[in-house]
Amino acid sequence: MKSLTTPRSAGAAPEPPAVAAARAGDRRRLAVLVQRQGVLAVLLLLVLVSSFVFPSFGTLDNARNVTVQASFLAIVALGMTLVVITGGIDLSVGSVFALGGVLAAWASQYGMLPALLLPLAVCGLLGTVHGLLIARAGMAPFIVTLAGLLAARGLLLALTDEGADTYLVPHGSAFAELGQGTVAGFGHPVLIALVLFAAGGLVLQRTSFGQSLFAVGGSPDAATLMGLPVARTRVLVYTISGLLAGFAGALNAGPCRPQRAPGRRPRRPPRRRSRRAACRRR
């Protein structure tokens, strides 16, 4: 009696389920790797192309200058990261950064300690006000920090008389050395940024405060039911954001090398209005 089953065609045998699952997992991991590290790959490609196109781009001096300039933004981004983790946003960091630089340059004539403490105090206070209005008053972070941006910009213009006055850092002072000095070929701002990032990573991964940031950002209501101080956490992160933005601005004022004697640069002469503009005002 002949068998009713048909013989299997001579072809490739189907893959076992375990092999197919392994290949699907490899594809998913590759997609996640490209998604996470794609920007880094594009950056490396851009650096490689620029090194061939512009001869001075790949030099060690240019690399040092780029890393020093990027370190200021990295310090600001560290504070912004904490705010974003909690589900907020801080639009005022740019103006607070500039305000910290002007305050540090003005206070540098009295020594290094006032040049660092004054921007930290003012910018930290501004961040605390942001946090109180957002956490206690329940206002939207977008509106509060946008108003803080305008407030910091207005204070900056008031201090400089709308840009007519420029405060210069004394050349050769300890504060100027903080922004211009190097250790093993790396600028002080770069090393400070690396230390702050290492401390920030430890806080986020190894402390209860760091874990509370993720909890507050994930669900404020659940964090409240867990007994976490949601309002106090938000106030702290906005205060830290203001402190880091002001500190980065103070460091940025250090590398500015004055061409004149330290102190206050003379005011610009006022612009002359045309006779036609004067007639319009009348």
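### Focus on the overall build of the chain
Part 1 of the reasoning: Counting secondary structure elements, the chain contains eleven helices and four strands.
Part 2 of the reasoning: In the chain, the share of contacts with a sequence separation of at least 24, taken over all contacts with a separation of at least 6, comes to 73%.

### A word on the packing of aromatic side chains
Part 1 of the reasoning: If you walk through the whole model with that rule in mind, you get one aromatic pair.
Part 2 of the reasoning: Taking the centre distance of 5.5 Å and the plane angle of 65 degrees together, the rings of W106 and Y110 count as edge-to-face.
Part 3 of the reasoning: Take W106: its relative accessible area is 35%, and that puts it in the partly exposed class.

### Re the nonpolar core
Part 1 of the reasoning: With 34 residues, the main nonpolar core has I75, V96, L116, F175 and L251 as its most contacted residues.
Part 2 of the reasoning: Elements with a minimum of two residues in this core: helix 2 (60-85), helix 3 (93-107), helix 4 (112-135), helix 5 (141-159), helix 6 (174-180), helix 7 (188-206) and helix 10 (230-253).
Part 3 of the reasoning: When residues of this core are assigned to their parent elements, the largest contribution, eight residues, is made by helix 3.
Part 4 of the reasoning: Those residues in contact with F175, other than ones at most four positions away along the chain, are A104, S108, M112, A115, L116, V169, A250, A253 and G254.
Part 5 of the reasoning: Ranked by size, the runner-up nonpolar core spans nine residues in total, among them L82, I85, V144 and L213.

### A closer look at a nonpolar patch on the surface
Part 1 of the reasoning: A contiguous nonpolar surface patch, about 1200 Å² in accessible area, is contributed by L40, L43, L44, L45, L46, V47, L48, V49, F52, V53, F54 and F57.
Part 2 of the reasoning: Take L48: it is sitting in helix 1 (residues 17-53).

### Focus on helix 5
Part 1 of the reasoning: With 19 residues, helix 5 ought to run about 27 Å at 1.5 Å a step, and its terminal C-alpha atoms sit 27 Å apart, in line with that.
Part 2 of the reasoning: Structurally, helix 5 contributes buried residues whose contacts are with helix 3, helix 4 and helix 10.
Part 3 of the reasoning: Taken from the residues just after helix 5, D161 is the one with a positive phi, measuring 55 degrees.

### Side note on the pattern of salt bridges
Part 1 of the reasoning: Evaluation of the coordinates by the stated rule reveals one salt bridge.
Part 2 of the reasoning: For R64, the salt bridge goes to D61, with nearest N and O atoms at 4.0 Å. Of this pair, R64 and D61 both sit in helix 2, three residues apart, roughly one helical turn.
Part 3 of the reasoning: Taking the relative accessible area as the measure of exposure, R64 reaches 35% and is therefore partly exposed.
Part 4 of the reasoning: By relative accessible area, which is 52% here, D61 ends up exposed.

### Remarks on the side chain of H130
Part 1 of the reasoning: Along the chain, the position of H130 falls in helix 4.
Part 2 of the reasoning: Residue classification places H130 among the buried residues on the basis of a relative accessible area of 4%.
Part 3 of the reasoning: Once you skip the residues sitting within four places of it in the chain, H130 turns out to touch D90, S92, V144, T145, G148 and Y238.

### Re the packing of helix 2 against helix 10
Part 1 of the reasoning: Two elements in contact, helix 2 and helix 10, have axes whose closest approach is 8 Å; the angle formed by their N-to-C orientations is 175 degrees. It follows that helix 2 is roughly antiparallel to helix 10 by the angle criterion. Mapping the contact onto sequence places Q69, F72, I75, V76, L78, G79, M80, L82 and V83 in helix 2 and V237, Y238, I240, S241, L244, A245, F247, A248, L251 and N252 in helix 10.
Part 2 of the reasoning: Classifying every residue of the contact of helix 2 with helix 10 gives 15 nonpolar, four polar and no charged.

### Observations regarding helix 2
Part 1 of the reasoning: Taking 1.5 Å per residue, 26 residues should reach 38 Å; helix 2 reaches 35 Å between its end C-alpha atoms and fits that length.
Part 2 of the reasoning: At S71, helix 2 shows its maximal bend, which comes to roughly 25 degrees.
Part 3 of the reasoning: All buried positions along helix 2 are accounted for by V68, S71, F72, A74, I75, V76, L78, G79, M80, L82, V83 and I85.
Part 4 of the reasoning: Structurally, helix 2 contributes buried residues whose contacts are with helix 3, strand 3 (186-187), helix 7, helix 8 (208-218) and helix 10.
Part 5 of the reasoning: Positioned one or two residues after helix 2, G87 has a phi angle of 85 degrees, which is positive.

### Side note on the confidence of the model for the chain
Part 1 of the reasoning: Mean pLDDT over the chain works out to 80, with 80% of the residues at or above the 70 mark.
Part 2 of the reasoning: Mean pLDDT values for the elements of the chain range from 41 in helix 11 (residues 275-281) up to 93 in helix 4.
Part 3 of the reasoning: Overall, residues 258-282 carries pLDDT values under 50, and its contacts beyond four positions in sequence, including any with other chains, amount to 24 contacts.

### Notes on the side chain of S71
Part 1 of the reasoning: The topology assignment puts S71 in helix 2.
Part 2 of the reasoning: Given a relative accessible area of 4%, S71 falls into the buried group.
Part 3 of the reasoning: Other than its neighbours up to four places away in sequence, S71 contacts P189, V190 and A193.

### Describing the environment of M139
Part 1 of the reasoning: Along the chain, M139 turns up in the loop between helix 4 and helix 5.
Part 2 of the reasoning: Judged by its relative accessible area of 38%, M139 falls in the partly exposed class.
Part 3 of the reasoning: The residues contacting M139, other than those within four sequence positions of it, are L133, I134 and V144.

Conventions used here
- Residues numbered from 1 in each chain as written.
- Predicted model: local features only at pLDDT ≥ 70, side-chain atom pairs only at ≥ 80, totals over all residues.
- Heavy atoms only, no water.
- Helix = DSSP H or I, 4+ residues; strand = E, 2+ residues; numbered from the N terminus.
- Contact = heavy atoms within 4.5 Å.
- Phe/Tyr/Trp six-rings, centres within 6.5 Å; stacked < 30°, edge-to-face > 60°.
- Buried < 20%, exposed > 50% of the residue type's maximum accessible area, 1.4 Å probe, protein only.
- Core = buried A, V, L, I, M, F, W, Y, C linked by side-chain atoms within 4.5 Å.
- Patch = residues over 30% accessible without salt bridge, like charges linked within 9 Å, V, L, I, M, F, W, Y side chains within 5 Å.
- Areas by Shrake-Rupley, 256 points an atom, 1.4 Å probe, with all protein chains shown as cover.
- Salt bridge = Lys/Arg side-chain N within 4 Å of Asp/Glu carboxyl O.
- Expected span 1.5 Å × (residues − 1).
- Axes fitted to C-alpha atoms, helices over the stretch in contact; angles between N-to-C directions.
- Parallel < 35°, antiparallel > 145°, perpendicular 65-115°, else oblique.
- Nonpolar A, V, L, I, M, F, W, Y, C, P; charged D, E, K, R; others polar.
- Bend = angle between axes of the 7 residues up to and from the residue.
- pLDDT = per-residue confidence, 0-100.

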